[in-house]
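# Per-entry structural report
What follows is the residue order along each chain.
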Amino acid sequence: MRFSLNDAFRATGTRFALYAQSPVLDGFAEPETIYVSSPRGTLLPGPADDRMYVIQPHEKQPYAGDALPPFRGPFSPMAMPSSDGHFDHLSPDDPGFRNAHMFGTVRRVLDIWEIYLGGPIPWSFANTHPRLELIPYVPWDNAHFGWGFIECGEGKDDQGVLRPFALNFDILAHETGHGMLFSIVGMPQPETLTTAYRGFHESASDCIAMISALHFDTFIDHVLNITQGNLFVENEMNRIGELSRTRQIRRASNAMTLRDVIAVNTDPNKATGKQIHALGQPLTGAVFDVIAEFFLDRLIALKVVDADSVQQVRIAASSDRLHAVDSALFSIPYHADPKGFAMALAQARDMLGLRLAECWRRLTPDDFTFEGMVETLLTVDAEISGPMNRQLILECFEWRGLSLEKVDNRQ
Ligand SMILES: [Zn+2]
């Protein structure tokens, strides 16, 4: 069975038009109509509801220091729902489109992870701010989540064209990920904050973006088409926060290990943002490897590819000899049964999403360690499916320099 958010919310939910990936990429030039869980007719102009609201200030610098929402200055007209309560009627050149795109994306990401977690994700900042403020544009080459807000700037693509981050699903999903993780995992005290926790936050936010993007059927089809069914081949799924065909902000599939990044026992207040993003990369790479392995298992289970062919690809990938493998091993079965491949990838996505969500729910933010995270993931996986995946998951993390016993990059 293949789970579909659109099927789940078609009868009662609200429609939005979202770009599944940056519109500069082939195949993603047009926004896609999707359903979110917000009951039809309940969303207010903005869009807004009791959890979040979009506001576009006339003029505002990014939040910094003690500045916090709500924004109280003059603002642009709000995006209005259609007469039947949807927001997919706005065309991309309508000024309200960006507002609707931002709200719809954040709501969709919440929908996905609330389903994996089995209940609503309350805001970590709810004691002072009942609603999340969403600001589609501030003059800034960045986007960030902070106490009670997400706000976006814009960045240049390879052609030097400014692209608003509010229209970039991956970047919005990543920032929403930070917001959710502060609630799911929690916030450490200043004296119990570790560098590992900061690296984990960046990595988990990237994983949230990657798994959330895989809820677009068009994205699944695109990934499979580009790779001809073999996920180990470089593809769009590996690029998080992409601005063009060749430039991306971070990468999910990467060859980085913990030996390539700062030591986990670095003072958390001394590590730079750049170092922390790099520290997250080996973790994200390990998680990508796990989804690729789950995918191979599902291909066999669904009888889409024979076990011999899968074994050949596995051996080649682990010994860095993919170039020597006959690409027809996967491309022939893929062309014979593209729907079977899509089903396998959707199932791998949900296997990983369920396990990560439950793992994060059990973690505590204080004195956070990578070893503790891997151990919790293994425990959750064993509770769901017994011992069958343990070795596979362990190997994905060990290859990155992360075993249950130790992280081998301490200074
Ligand atoms: Zn981040």
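Relevant structure appears above.
Here's what I pulled together on the structure shown here.

What counts, and at which threshold
- Residues numbered from 1 in each chain as written.
- Predicted model: local features only at pLDDT ≥ 70, side-chain atom pairs only at ≥ 80, totals over all residues.
- Heavy atoms only, no water.
- Donors = N, O, S within 2.8 Å, 3.2 Å for Na, K, Ca; no water.
- Helix = DSSP H or I, 4+ residues; strand = E, 2+ residues; numbered from the N terminus.
- Buried < 20%, exposed > 50% of the residue type's maximum accessible area, 1.4 Å probe, protein only.
- Pairing = 2+ DSSP bridges.
- Right-handed = clockwise from strand over helix to strand, strands pointing away.
- Salt bridge = Lys/Arg side-chain N within 4 Å of Asp/Glu carboxyl O.

### Thoughts on the coordination of the zinc ion
Protein coordination at the zinc ion comes from His174 (NE2), His178 (NE2) and Glu202 (OE), with a distance range of 2.1 Å. One chain supplies every donor for the zinc ion, spaced along it as H-x3-H-x23-E. Linking histidine 174 in helix 3 (residues 169-184) with glutamate 202 in helix 4 (residues 195-213), this pair joins segments that are 28 residues apart in sequence.

### Some remarks on the pairing of strand 4 (residues 132-135)
Consecutive side chains of a regular strand alternate in pointing toward one face of the sheet and then the other. Of the two faces of strand 4, both are covered, the one formed by Leu132 and Leu134 as well as the one formed by Glu133 and Ile135. Judged from the three bridges that link them, strand 3 (residues 52-54) and strand 4 form a sheet pairing that is parallel. Bridge assignment links valine 54 to a residue of strand 4, and that residue is leucine 134. After leaving strand 3, the chain enters helix 2 (residues 96-117) and then returns to the sheet as strand 4, a path that is left-handed. Pairing geometry for strand 4 and strand 6 (residues 149-152), over three bridges, is parallel. The residue bridging leucine 134 from the neighbouring strand is isoleucine 150, located in strand 6.

### Brief notes about the pattern of salt bridges
One pass over the structure, following the stated rule, counts 16 salt bridges. With its nearest N and O atoms 2.9 Å apart, the salt bridge here joins aspartate 297 to arginine 314. Pair noted here: aspartate 297 is in helix 6 (residues 273-301) and arginine 314 is in helix 7 (residues 307-318), with a separation of 17 residues, a long-range link. Among the ionic pairs, glutamate 383 bridges to arginine 362, the shortest N-O distance being 2.6 Å. Here the residue glutamate 383 occupies a position in helix 10 (residues 370-385), and arginine 362 occupies one in helix 9 (residues 338-362), the gap between them amounting to 21 residues. Members of the salt-bridge network, linked through shared partners, are Arg51, Arg107, Asp111 and Glu114.

### Notes on the environment of serine 83
You can see serine 83 is positioned in the loop between strand 3 and helix 2. For the pair serine 83 and glycine 41, spaced 42 residues apart in sequence, the C-alpha to C-alpha distance is 8.7 Å.

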